[in-house]
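Residue strings, one per chain:
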Amino acid sequence: MCIHACMAGMRMAAPLMALRAGYSEIAVGVLLALFALTQVFLALPAGRFSDRHGFKRPIGMAIAAATFGAGAATAFPVFPVLCLAAMLTGGATGVAVIALQRHAGRAVSGPTQLRRVFSWLAIGPAVSNFFGPFVSGLLIDHAGFRAAFFTLALLPLATWFWVRPVKDLPPLTPPQGARTGAAWDLLREPDFRRLMVVNWLLSSCWDVHTFIVPVLGHERGLSASVIGTLLGSFALAATAVRLLIPLVAARLQEWKMIFSAMLAAAALFVVYPLLGSAWAMGACSVLLGFALGSVQPMIMSTLHQITPEHRHGEALGLRLMAINGSSVVTPLLFGAAGAAVGIAGVFWSVGAVVAAGSRQALLLKPGR
């Protein structure tokens, strides 16, 4: 949460500073892309590194990179250094996420415990995405950008206080005769391919909702505060369902949850552009938040069950690379699609694709 909050705060503060300094929207778009692009390129190396060296070493490197990035922006608050800070804090967050998810998956046993631990872990980014920008905004208004960057640089250091007493698990060596090679070899496994397809489809739903709802709200003449409330209600619902999952984890099955979420998301995407009032759109956002928020813990639990334990880091790296690649491409792709077929057409197209892809979730059923 501390490293992620540093990145989230920088992602809000750095573009704002660039805009106030007179940089164009294109320059700010490049700056924002650097937060995700770094994670795309670092995901696989970070996964392999975690497989070889465990938990604390990659976390220590992530702490150093995030602190240095935000600290450099404090000392030299100019656009090139802000770009460097974006790459370092974004990359540090990706490395920390992979190391933490791998360690958590190894620290527990059984599907029920996996569902519980990944539900708790999924709450962290939601809290960080609120805390980092909120603290940054307060500090920018009352003390300036340098004070905000300095405070953000201190957050990763707090991570070591929490990590230091954790007992690192010994690295695993591949079993004799086990396949080792490029991370892409994991895609030869049918279940892993299916899981990556499902993960990409649902991640795209999340990105499309975040990107298209403001456009749809603008078309309907909704105020900025109403549009923000729609997105906020979606995020709160996604967090709430992750709080509920640990309480009923023993009764859940991953493939059923994923399949149900895909069908629900497809139906809600069909209905969403037909709704006329802000209240109806808000209810739809809440339901969509419940559906999509329930998926990540199920996907993470499934991933740890279907991939070899000594390659969990690589599998997590592939997943993170796909998510961040989607986050970079989706706004461009669906922005162009919206101009061609309209916002409603984008919603319906995504709903149709997700509904068609739900069969992949059925094929994840154990013992099929």
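Presented here is an overview of the structure given in this document. On a predicted model such as this, the values are computed, not experimentally measured, just so you know.

## Observations concerning the overall build of the protein
Right, so step 1: In terms of helices and strands, the protein carries 13 helices and zero strands.
Right, so step 2: When its helices and strands are written in sequence order, the protein yields α-α-α-α-α-α-α-α-α-α-α-α-α.
Right, so step 3: The C-alpha atoms of the protein give a radius of gyration of 20 Å, which matches the 21 Å a tight globule of 368 residues would have.
Right, so step 4: In terms of overall dimensions, the protein has a C-alpha envelope of 60 × 50 × 35 Å along the principal axes.
Right, so step 5: In the protein, which comprises 368 residues, the proportion classed as buried is 50%.
Right, so step 6: Pairs at least 24 apart in sequence give 84% of the contacts found in the protein among residues at least 6 apart.
Right, so step 7: When the accessible surface of the protein is split by element, carbon and sulfur atoms take 70% of a total near 16,500 Å².

## A few points about the pattern of salt bridges
Right, so step 1: The tally for this structure, following the rule as stated, stands at six salt bridges.
Right, so step 2: In this structure, a network of salt bridges that share partners links the residues Arg48, Arg311 and Glu314.

## Here's the deal with helix 7 (residues 190–219)
Right, so step 1: Given a rise of 1.5 Å per residue, 30 residues ought to cover 44 Å, and the 42 Å separating the end C-alpha atoms of helix 7 matches this to within 8%.
Right, so step 2: Of all the bends in helix 7, the largest measures some 30 degrees and sits at Ile212, one to four residues before the proline Pro214.
Right, so step 3: Looking one or two places after helix 7, you find Gly221, whose phi comes out positive at around 80 degrees.

## Quick notes on the packing of aromatic side chains
Right, so step 1: What the rule picks out here adds up to six aromatic pairs.
Right, so step 2: Each ring, one from Trp206 and one from Phe234, has its centre 4.9 Å from the other, and the planes form 75 degrees; the classification is edge-to-face. Taken together, the positions of Trp206 in helix 7 and Phe234 in helix 8 (residues 224–248) put the pair 28 residues apart, joining distant regions of the chain.
Right, so step 3: According to the relative accessible area criterion, Trp206 is partly exposed, its value standing at 28%.
Right, so step 4: Consider the rings of Tyr272 and Phe347, whose centres lie 5.3 Å apart with planes at 10 degrees: the pair is stacked. Taken together, the positions of Tyr272 in the loop between helix 9 (254–271) and helix 10 (278–293) and Phe347 in helix 13 (residues 343–362) put the pair 75 residues apart, joining distant regions of the chain. Pair check on accessibility: Tyr272 and Phe347 agree, each one buried.
Right, so step 5: In this structure an aromatic cluster arises from ring pairing among Phe269, Tyr272 and Phe347.

## Quick notes on the environment of Val354
Right, so step 1: By the element assignment, Val354 lies in helix 13.
Right, so step 2: For the pair Val354 and Ala261, spaced 93 residues apart in the sequence, the C-alpha separation amounts to 9.9 Å.
Right, so step 3: Excluding anything up to four places from it in sequence, Val354 contacts Leu201, Cys205, Met262 and Ala266.

## Overview of helix 11 (residues 295–306)
Right, so step 1: In a regular helix each residue adds 1.5 Å, so 12 residues correspond to 16 Å; helix 11 covers 16 Å between its end C-alpha atoms and thus fits that length.
Right, so step 2: Among the 12 residues that make up helix 11, 10 are buried, leaving the element largely enclosed by the rest of the structure.
Right, so step 3: All buried positions along helix 11 are accounted for by Val295, Gln296, Pro297, Met298, Ile299, Met300, Ser301, Thr302, Leu303 and His304.

## What about the side chain of Asn199?
Right, so step 1: Summarising the element assignment, Asn199 is placed in helix 7.
Right, so step 2: Within the local environment of Asn199, its side chain forms a polar contact with the side chain of Arg319, the two groups lying 3.2 Å apart.
Right, so step 3: The residues touching Asn199, leaving out its near neighbours within four places in the chain, are Ile299, Arg319 and Ile323.

Criteria and thresholds
- Residues numbered from 1 in each chain as written.
- Predicted model: local features only at pLDDT ≥ 70, side-chain atom pairs only at ≥ 80, totals over all residues.
- Heavy atoms only, no water.
- Helix = DSSP H or I, 4+ residues; strand = E, 2+ residues; numbered from the N terminus.
- Rg over C-alpha atoms; globule rule 2.2 N^0.38 Å.
- Buried < 20%, exposed > 50% of the residue type's maximum accessible area, 1.4 Å probe, protein only.
- Contact = heavy atoms within 4.5 Å.
- Areas by Shrake-Rupley, 256 points an atom, 1.4 Å probe, with all protein chains shown as cover.
- Salt bridge = Lys/Arg side-chain N within 4 Å of Asp/Glu carboxyl O.
- Expected span 1.5 Å × (residues − 1).
- Bend = angle between axes of the 7 residues up to and from the residue.
- Phe/Tyr/Trp six-rings, centres within 6.5 Å; stacked < 30°, edge-to-face > 60°.
- Polar contact = N/O pair within 3.5 Å; in protein donor to acceptor, adjacent residues only side chain to side chain.

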